[in-house]
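Chain and residue survey
Here are the chains, one letter per residue:
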Amino acid sequence: LREGQLGVRLAAARAVQALLPFAFPPTPQQEPASEAVTLLGAVLENCGPSAPAELREEALRCLASCVCDCYEHLTPVLDALAHVCLEAMAGASGNAAVAAQAVEVWSELSEHELELLQGAPSGAPAGGCREVTRRALPALLPSLLKVLSEGCSAPEGDEAGERLVDAVYACLESVARVV
């Protein structure tokens, strides 16, 4: 993911996404944090605006998978994760597919946190929930609403724009259930 030509980096992002379920057993919190942070860092490097759009889209898709499997180890990369996702959403008019994948990262993260919250016994602490979605809400909500507003004013028949609007609706629903 960190070196090589675009095709190699795309293949690496796809391979990480495909192999992720096998890399972390059902209890990822027992995995060494450095492995998870290294993986997240490598993926995040390809999510920024300097990466080609096709690679950004694939890296964000991979990141959406990683945030659940590496949830316990997100803290060191949380600022970078929020930055690349919010930046991709801000550029939605330039690349709706990349923005949709950035929105999907937040959808996956909020769905995972909802599962953690629902798994906690009544009145007990939230079973390992780090409240990432709740803490990101002041920056996330305006970004999602802006993307939604721009997407709703997109021309009819813009499939990428329609997929983006659908992704934002799903994300807003997930976020609302968590907060």
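Calculation rules
Residues numbered from 1 in each chain as written. Predicted model: local features only at pLDDT ≥ 70, side-chain atom pairs only at ≥ 80, totals over all residues. Heavy atoms only, no water. Helix = DSSP H or I, 4+ residues; strand = E, 2+ residues; numbered from the N terminus. Contact = heavy atoms within 4.5 Å. Core = buried A, V, L, I, M, F, W, Y, C linked by side-chain atoms within 4.5 Å. Buried < 20%, exposed > 50% of the residue type's maximum accessible area, 1.4 Å probe, protein only. Salt bridge = Lys/Arg side-chain N within 4 Å of Asp/Glu carboxyl O.

Looking at the side chain of Gln 101
With respect to the element layout, Gln 101 can be found in helix α5 (residues 96-119). Not counting residues within four places of it along the chain, the set of residues in contact with Gln 101 comprises Glu 57, Leu 60 and Arg 61.

Quick notes on the nonpolar core
One finds Leu 63 and Trp 106 to be the most contacted residues of the largest nonpolar core, which totals 49 residues. For this core, the secondary-structure elements that each account for two or more residues are α2 (33-45), α3 (53-69), α4 (78-90), α5, α6 (132-152) and α7 (159-178). Tallying contributions element by element places α5 first for this core, with 10 residues. Not counting residues within four places of it along the chain, the set of residues in contact with Trp 106 comprises Leu 81, Ala 82, Cys 85, Met 89, Val 132, Ala 136, Leu 140 and Cys 171.

As for the pattern of salt bridges
In total, this model carries eight salt bridges according to the counting rule given. The salt bridge involving Arg 61 is made with Glu 58; its shortest N-O contact spans 2.8 Å. With a gap of three residues between them, Arg 61 and Glu 58 both fall in helix α3, about one helical turn apart. The shortest N-O distance in the salt bridge between Glu 173 and Arg 177 comes to 3.4 Å. A residue pair is termed a helical-turn pair when its members lie 3 or 4 positions apart in one helix, as Glu 173 and Arg 177 do in helix α7 at four residues. Members of the salt-bridge network, linked through shared partners, are Glu 57, Glu 58 and Arg 61.

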